[in-house]
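Tertiary structure, described
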Amino acid sequence: KNIKKDFIVLDVGCGFGRPTIQLAPFVKTIIGIDHNQNMINIAIKKSKKIKNIEFLNRDGLKIKLPSNSFDLAYSTYNVLGWDIKTSKRQRFINEMVRVVKENSKIINITWKEDKKTTEFLKKYYPYIGIGLISIKDNVIKTSKGIKNRISRDEFTKYYKNAGLKNIKFYNIGTVWLAAVGTK
């Protein structure tokens, strides 16, 4: 609703580009970055006909793009809790903040911390071919390693430490939570 046609947007941890591709018609330019070159290759193939989209093999902990150059930076699918170790999460947020312009937003989307989401995850991980070992509180042990749901308190701490203001949380559908902050 607040995205404008002249926006330049960054998708951090874009995977094979599904949200990036869906958002492309509504913005001037969108760049998706991911540390996994195979995912980037798939995203490039899927978006061949889209002119305002670019996919780059980059690490979200050290985004090799200019400071203050994006109108919005976002990360979906619980990237912060999936791929980023606890000790590096603040650096991930700081990098997102570094690349957005003043008064721009960063958004991180994670799993909700409720029972309904926990039940969903018990079915979801096996469905996508990841063995589920256990879920206790916000720690999810899988055959691919330990994944975490990031709490509102943890997001608030990271966002405040990065200098973000107007920190808000929005429920997205039944299992997702968006953490939004303004630079």
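Above this text you will find the structure in question.
What comes next concerns the included structure.

Helix and strand content of the protein chain: six helices and 10 strands. Its C-alpha atoms give the protein chain a radius of gyration of 16 Å, near enough to 16 Å, the size a compact globule of 183 residues would have. Expressed along its principal axes, the backbone C-alpha trace of the protein chain runs to roughly 45 × 35 × 30 Å. Per-residue burial for the protein chain yields a buried fraction of 48% across its 183 residues.

The subject of this paragraph is unusual backbone geometry. Its identity as a non-glycine residue notwithstanding, Tyr77 has a phi of 55°, on the positive side. Relative to the assigned elements, Tyr77 resides in the loop between strand E4 (70-75) and helix H3 (79-82). Of note in this structure, Asp137 is not a glycine but carries a positive phi near 55°. The residue Asp137 is located in the loop between strand E6 (132-136) and strand E7 (139-142) in this model.

Following the sequence through the fold, Asp34 ends up in strand E2 (residues 29-34). Among buried Asp, Glu, Lys and Arg side chains, Asp34 stands out as unpaired, with Arg58 the closest opposite charge at 12 Å. With residues up to four places along the chain from it excluded, the contact list for Asp34 reads Gly13, Cys14, Gly15, Met39, Ile40, Leu56, Asn57 and Arg58.

Our focus in this paragraph is the sheet that holds strand E9 (residues 165-172). Strands belonging to one sheet form pairs held by backbone hydrogen bonds; the direction of such a pair is parallel or antiparallel. Reading across from one edge, E3-E2-E1-E4-E5-E10-E9 is the order of the seven strands in this open sheet, with mixed pairing throughout. A strand with exactly one partner marks an edge of an open sheet, and here the two such strands are strand E3 (53-57) and E9. Strand-to-strand twist across the sheet, computed as the mean angle between neighbouring axes with direction ignored, equals 20°. Bridge analysis of strand E1 (residues 8-12) against E4 gives three bridges, and the strand direction is parallel. Residue Val9 lies in a different strand from E4, and its bridge partner there is Leu72. This element, helix H4 (residues 89-99), spans E1, E4 and strand E5 (100-111) of the sheet and lies at about 145° to E5.

Residues Leu10, Ile33, Leu80, Phe92, Ile93, Ile106 and Tyr159 are the most contacted members of the largest nonpolar core, which totals 29 residues. Among the secondary structure elements, those contributing two or more residues to this core are E1, E2, E4, H3, H4, E5, helix H6 (152-161) and strand E10 (176-182). Here this core gets five residues from one element, more than from any other, and that element is H4. If we skip the residues at most four places from it in the chain, Leu10 touches Ile31, Ile33, Ile63, Leu65, Phe70, Leu72, Ala73, Tyr74 and Val99. Within the second largest apolar cluster, 14 residues are counted, among which are Cys14, Ala43, Leu72 and Tyr74.

Let us now look at the environment of Phe92. The topology assignment puts Phe92 in helix H4. Counting along the chain gives 30 residues from Phe92 to Lys62, while the straight-line C-alpha distance between them is 7.8 Å. In this view, Phe92 contacts Val12, Gly60, Leu61, Ser75, Val79, Leu80, Ile84 and Asn108; residues no more than four positions away in its chain are not counted.

Bringing a positive patch on the surface into the picture now. The grouping of Lys62, Lys64, Lys85, Lys88 and Arg91 at the surface amounts to a positive patch. By the secondary structure assignment, Lys62 is in the loop between E3 and E4.

As a further point, take the sheet that holds E7. Reading across the sheet, the three strands line up as E6-E7-E8 and stay open at both edges, with antiparallel pairing between neighbours. Each having just a single partner strand, E6 and strand E8 (145-148) make up the two edges of the open sheet. Sheet twist, expressed as the average angle between the axes of neighbouring strands with direction ignored, equals 20°. Inspection of the sheet shows E6 paired to E7 by four bridges, in the antiparallel sense. Among the inter-strand pairings, Lys136 is bridged to a residue of E7, identified as Val139. Across the sheet, helix H5 (residues 115-127) touches E6, E7 and E8, and the angle it forms with E6 is around 165°.

Parameters and conventions
Residues numbered from 1 in each chain as written. Predicted model: local features only at pLDDT ≥ 70, side-chain atom pairs only at ≥ 80, totals over all residues. Heavy atoms only, no water. Helix = DSSP H or I, 4+ residues; strand = E, 2+ residues; numbered from the N terminus. Rg over C-alpha atoms; globule rule 2.2 N^0.38 Å. Buried < 20%, exposed > 50% of the residue type's maximum accessible area, 1.4 Å probe, protein only. Lys, Arg positive; Asp, Glu negative; His and termini not counted. Salt bridge = Lys/Arg side-chain N within 4 Å of Asp/Glu carboxyl O. Contact = heavy atoms within 4.5 Å. Pairing = 2+ DSSP bridges. Axes fitted to C-alpha atoms, helices over the stretch in contact; angles between N-to-C directions. Core = buried A, V, L, I, M, F, W, Y, C linked by side-chain atoms within 4.5 Å. Patch = residues over 30% accessible without salt bridge, like charges linked within 9 Å, V, L, I, M, F, W, Y side chains within 5 Å. Areas by Shrake-Rupley, 256 points an atom, 1.4 Å probe, with all protein chains shown as cover. Charge placed at Lys NZ, Arg CZ, Asp CG, Glu CD.

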